[in-house]
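Chains, contacts and geometry: an overview
Chain residues, written in single-letter form:
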Amino acid sequence: MKRPSSSIYRSILMFLAGTAHLSCTATAHQPRPSPPPSPPENTGASSPVDDETCRTELWSKFPSFTDELCSALPRDIDPELQKETIGRGKFAEGNRLYDILAWQSFIAMAWPVTEDGRARPRLADDGAHGWDTWKSSYDIFKPDGSPPDAWNPAEQQAKRSAPEASVPIDTSRTLQDDRQADSFILWDQNGNKVYYEVLYSERLFEFLNDNKLYNVDGQIAYSKEHCATPEDCANPDAPWGNPINKTQTPSIALKLAWKLLDESERHLEGRFILRKAYVRTGPRPSLRTFGLVGANVMIKTLSAKKQWVWAAFEHIDNVDVNPLETHDGKPLKPSFNNPDCPLCPVNEPPEKGVWPPLEGPWIGRTQVHRQQPIPEDTAALNSQVQAQLKKNRSALQFYELVGTQWPTDGGGEPSPSDKLPDAIANESGGRPYRSYLVNTVLETYMQKGNTVAAEVNGALRPETTRIFHTSSCMGCHSGARIARGRPQDKITWGERGSGDFLWSFATKAAKAGAGQASGTTSAAAAGAQPKQPK
């Protein structure tokens, strides 16, 4: 397909610059040349011609969302549009590029697949989701430090499918992690815990596996090979997605948050992406139905370089609903907020007490509040995408993009840690567009509000200036490290940023042959583990 000339892009962007907000209609902008013919109606067919056509169509209606939903993962934002927007300092327009990339990636990851992992024809078709063919953190970072099994989409999907009584219960069939990054539990308004899991795409898995980064000993060996001196190291750098080279798909890490759907919520199952899994709530694991309530996505692209692209998705019923709207004849209720309790403290772990006090057996309930509203431009795009998802009869219509975070200077270094504002705003390097991005069901208690800057970054002490602070995906993950050595069997960790923004190097990896019990982290037992920000 012939690429349109740069003059067309300039015309589009000149029009954009004269408007107060990005338009949500295609008619307000001069379109690119028409893409190849698509199916006669928007059926949600995967790859109507081929993956490349699908990727080309992704940007054909920018700044609006494409007419075609597609099972193909995009490799990056459009490089010519990047040049015309971000390259000219037009970061609001550039953010729309990343919002579209986030939505298309989320749709492609959730696309239903056949038993051997191929995309089904339509988004509404039955079947496991694409991410069900990916490896989980427990598949890669095994408790005993042994190598992961080979990539096998069919086998992985079978492991995650609804288990039968005769099939052994393993980590792929069990939701184990019930703690957020700051170690607190999130409770819904029915008193049920939220569970979490981390999944890795094929390209990211291959990188971790090929370099033996799945255990502490492998990380130490990698450091010895790639460090001329302790200060001069070539740290792990997962493969980037390349918009020019079709073979270079991005590395992706995906963290999902699952809420138990109990008997009182059976009528709501059509509003959720569902998963059946075992949880260990008593002497014996029980098989339960869960609904997806949140997802954080990390995408390694050429445009973002080492800082990755970050996106947060949530279920639309998490913290607020239309009280006049019903589903199956019953009023909707927020999953994580009680609108009838105006005195309930927000974003506080129930371990610290709840209001009103509960009588009888203690049950936790978290009063979740969104500290930062979803930006208007992202909300407008959400409406476009949700309309298409509704037309395609997909449960994805009940999810929304909270926002994206990305580097305006991909590959740029972090700022010095002892001066405001960059000590916090550019803690990660890359000078992020929007300093903060928070998912209310994955970083609930990191929504701090006004606080002393030195409490956010200890290097600022004795700075007493108060700032607004909430969670930053890039800022938090920039603290990830890998193991450098193990003198006297105590692990020493690399400098901040040595872990390629992947906390699993420190929180999941075991010593080779450690033989740890399932779900534990031998690195924590062997040496002081780098701490995630709270």
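Everything quoted here is computed from the prediction, not taken from an experiment.

**Some remarks on the overall build of the protein**
The helix and strand inventory of the protein stands at 14 helices and 18 strands. Of the roughly 23,200 Å² of accessible surface on the protein, a fraction of 51% belongs to carbon and sulfur atoms.

**What to know about the state of the cysteines**
The full count for this structure, using the stated rule, is 3 disulfides. The partner cysteine of C54 in its disulfide is C70, sulfur to sulfur 1.7 Å. Taken together, the positions of C54 in helix 2 (residues 51-58) and C70 in the loop between helix 2 and helix 3 (79-84) put the pair 16 residues apart, joining distant regions of the chain. Each sulfur of the disulfide joining C341 and C344 lies 2.0 Å from the other. Taking the torsion about the sulfur-sulfur bond, which here is approximately 85°, the covalent link between C341 and C344 counts as right-handed. Judged by relative accessible area, which is 7%, C341 ranks as buried. When the cysteines of the protein that form disulfides are numbered from the N-terminus onward, they connect as 1-2, 3-4, 5-6. Looking at the unpaired C476, the closest cysteine sulfur is the one in C473, lying at 7.9 Å. Among the residues examined, C476 registers a relative accessible area of 11% and is labelled buried.

**Digging into the nonpolar core**
The biggest cluster of nonpolar side chains holds 102 residues, and the ones touching the most others in it are W103, F106, I107 and W131. Sort the elements by how many residues they give to this core and helix 4 (residues 91-110) lands first, with 10 residues. Ignoring any residue separated from it by four or fewer positions in sequence, one finds F106 in contact with W131, L292, A295, F313, L396 and Y399. A453, A454, L460 and I467 belong to the second largest nonpolar core, which has 7 residues in total.

**Considering helix 9 (residues 376-391)**
Here helix 9 spans 23 Å end to end across 16 residues, near enough to the 22 Å set by a 1.5 Å rise per residue. Of the positions making up helix 9, those classed as buried are D377, T378, L381, N382, Q384, V385, Q386, Q388 and L389. Immediately downstream of helix 9, the backbone of R393 shows phi near 55°, a positive value.

**Quick notes on the side chain of Q156**
Relative to the helices and strands, Q156 resides in helix 6 (residues 153-160). A polar contact is formed between the side chain of Q156 and the side chain of D139, at a distance of 2.6 Å. Apart from the residues lying within four places of it in its own chain, the contact partners of Q156 are D132, T133, W134, K135, S136, D139 and S172.

**Regarding the packing of aromatic side chains**
Any aromatic ring pair is given by two values, namely how distant the centres are and how the planes are angled relative to each other. Taken as a whole, this structure holds 16 aromatic pairs when the rule is applied. Ring centres of F91 and Y433 lie 6.3 Å apart, and the angle between their planes is 65°; on these two criteria the pair is classed as edge-to-face. In this pair, F91 sits in helix 4 while Y433 sits in strand 14 (residues 432-433), placing the two residues 342 residues apart along the sequence. Seen from their ring centres, W310 and F501 are 6.0 Å apart, and the 50° between their planes marks the pair as tilted. Here W310 is found in strand 10 (residues 309-315), whereas its partner F501 is found in the loop between strand 18 (492-493) and helix 13 (504-507), with 191 residues between them in sequence. In this structure, W310 and F501 share a single accessibility class: buried.

**Remarks on the pattern of salt bridges**
Summed over all chains, the structure comprises 28 salt bridges. A salt bridge links E400 to R370, with the nearest nitrogen and oxygen atoms 3.8 Å apart. A residue pair is termed long-range when its members are at least 10 positions apart, and E400 in strand 13 (residues 399-407) and R370 in the loop between strand 12 (330-331) and helix 9 qualify at 30 residues. Each member of the pair, E400 as well as R370, carries the same accessibility label: buried. Salt-bridge contacts for R496 lead to E427; the nearest nitrogen and oxygen are separated by 3.0 Å. Of this pair, R496 sits in the loop between strand 18 and helix 13 while E427 is found in the loop between helix 10 (422-425) and strand 14, placing the two residues 69 residues apart along the sequence. Several salt bridges converge on common partners, so that one network encompasses D132, R160, E197 and R275.

**Focus: the pairing of strand 13**
Along strand 13, 9 of the 9 residues are buried, which leaves the element largely enclosed by surrounding structure. Bridging between strand 10 and strand 13 involves 6 bridges; their strand directions are antiparallel. Counterpart to A311 in the pairing with strand 13 is T404.

**Remarks on the packing of helix 4 against helix 9**
In the contact formed by helix 4 and helix 9, the axes pass within 10 Å of each other and the chain directions differ by 30°. By the angle between their directions, the pair helix 4 and helix 9 is classed as roughly parallel. With respect to the hand of their crossing, helix 4 and helix 9 are arranged in right-handed fashion. The segment helix 4 lies against helix 9, with A92, N95, R96, D99, I100, W103 and I107 engaging D377, T378, A380, L381, N382, V385 and L389. Its residues assigned to classes, the contact of helix 4 with helix 9 shows 8 nonpolar, 3 polar and 3 charged.

Conventions and cut-offs
- Residues numbered from 1 in each chain as written.
- Predicted model: local features only at pLDDT ≥ 70, side-chain atom pairs only at ≥ 80, totals over all residues.
- Heavy atoms only, no water.
- Helix = DSSP H or I, 4+ residues; strand = E, 2+ residues; numbered from the N terminus.
- Areas by Shrake-Rupley, 256 points an atom, 1.4 Å probe, with all protein chains shown as cover.
- Disulfide = S-S within 2.5 Å.
- Buried < 20%, exposed > 50% of the residue type's maximum accessible area, 1.4 Å probe, protein only.
- Core = buried A, V, L, I, M, F, W, Y, C linked by side-chain atoms within 4.5 Å.
- Contact = heavy atoms within 4.5 Å.
- Expected span 1.5 Å × (residues − 1).
- Polar contact = N/O pair within 3.5 Å; in protein donor to acceptor, adjacent residues only side chain to side chain.
- Phe/Tyr/Trp six-rings, centres within 6.5 Å; stacked < 30°, edge-to-face > 60°.
- Salt bridge = Lys/Arg side-chain N within 4 Å of Asp/Glu carboxyl O.
- Pairing = 2+ DSSP bridges.
- Axes fitted to C-alpha atoms, helices over the stretch in contact; angles between N-to-C directions.
- Parallel < 35°, antiparallel > 145°, perpendicular 65-115°, else oblique.
- Left-handed = near helix turned anticlockwise from the far one by under 90°.
- Nonpolar A, V, L, I, M, F, W, Y, C, P; charged D, E, K, R; others polar.

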